[in-house]
Amino acid sequence: MNYRHIFHAGNPADVMKHAVLALILDHLRAKPAPFCVLDTHAGIGRYDLASEAARKTGESDEGIGRLWAGLQGDLPPHPALAPYLDAVRTLNPNGALRWYPGSPHIARAALRPQDRMVLVELHPDDARSLKAEFAGDRSVAVHQTDAYTALKAHLPPREKRGLVLVDPPFEQPDEFARMAEGLALAHRRWPTGIFALWYPIKERAAVWRFQEAVEKTGIPKILIAELTWHPEDTHLRLNGSGLLIVNAPWRLDETLRAMLPALHAVLPTIGGGSAISWLTPEAA
């Protein structure tokens, strides 16, 4: 409840997470059937990178700021970044980077008239801001409630296709365990849905325990995508981030094997790299 994403909006972790999110949404758009997006930790929707809070940390300079500046140069971004960059451009039509789209705006940019989005935010102030951000938008519903309660309340959706994004702030020491338990419950309710669970990479052992817990659920077809920008020699900083993706779209792994190294090359890294692997294979 004390977390404020404005201090971290647009940092390398956001860029990686939202670039992959945009690719998944682009896949869902490829078929005419409607889809639903459930975002369990939605935040406030958009973030002012010129605000005092954002400038206090300057984390966006090392993420979207670096990528945005590269657009003005001679080296074009990797083609797979196009859906993500299009969403950022939607909030910055004059070309100057000020507003950063949180996951709600990344998803909203992908919605068609037949699609819808459910946004969940627990913090009262952030939930009010989120409701104001999407006031009058009939494709978007905002609920102030706990993320894991929302998984029970909103799954399965009436649509047969869609995405659930679970992106907690990791304020709770048992967040990894809660995510694994929440995924097991949500997958039982909607086994055909795509689930994307974001996690920080600080202490590698904690990540391994989380992945082992998810593997023990027996859920098939789980893709792991990770990007690190620091050596993993201390757990006192954010060394990188990962996404655990259930029912990953066809050939997403191939796309990420090309896109994430290109993204790593653009960011101001001092080590690390990218890794793509299958935690569990597709069911026979």
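Residues numbered from 1 in each chain as written. Predicted model: local features only at pLDDT ≥ 70, side-chain atom pairs only at ≥ 80, totals over all residues. Heavy atoms only, no water.

General note: in soluble globular proteins, nonpolar side chains tend to be found buried as a group. One finds Leu25, Ile64, Tyr84, Ile245, Leu256, Met259 and Leu263 to be the most contacted residues of the largest nonpolar core, which totals 59 residues. Other than its neighbours up to four places away in sequence, Ile245 contacts Val20, Ile24, Ile194, Phe195, Ala196, Lys221, Ile222, Leu223 and Leu252. If you look at the next biggest cluster of nonpolar residues, it comprises 31 residues, including Trp190, Val214, Ile222 and Leu244. (Core = buried A, V, L, I, M, F, W, Y, C linked by side-chain atoms within 4.5 Å. Buried < 20%, exposed > 50% of the residue type's maximum accessible area, 1.4 Å probe, protein only. Contact = heavy atoms within 4.5 Å.)

So, on to unusual backbone geometry. Cis geometry marks the peptide bond from Leu155 to Pro156; its omega dihedral reads -5°. Among the secondary structure elements, Pro156 is positioned in the loop between helix H7 (147–154) and strand S6 (161–166). You will see that Asn247, though not glycine, has its phi angle at about 60°, which is positive. Positive phi values are uncommon outside glycine, yet Arg251 reaches one of about 70°. Within the secondary structure, Arg251 sits in the loop between strand S9 (240–246) and helix H10 (252–266). Given the relative accessible area of 42%, Arg251 is considered partly exposed. (Helix = DSSP H or I, 4+ residues; strand = E, 2+ residues; numbered from the N terminus.)

According to the stated counting rule, one finds 19 salt bridges in the structure shown. Across the pair Asp48 and Arg98 runs a salt bridge whose closest N-O atoms are separated by 2.8 Å. Here Arg98 lies in the loop between helix H4 (82–91) and strand S3 (99–101) and Asp48 lies in strand S2 (residues 46–48), a separation of 50 residues in the sequence. The closest approach of N and O atoms between Lys216 and Glu212, which form a salt bridge, is 3.7 Å. By sharing partners, the salt bridges in this structure join Asp14, Lys17 and Asp167 into a single network. (Salt bridge = Lys/Arg side-chain N within 4 Å of Asp/Glu carboxyl O.)

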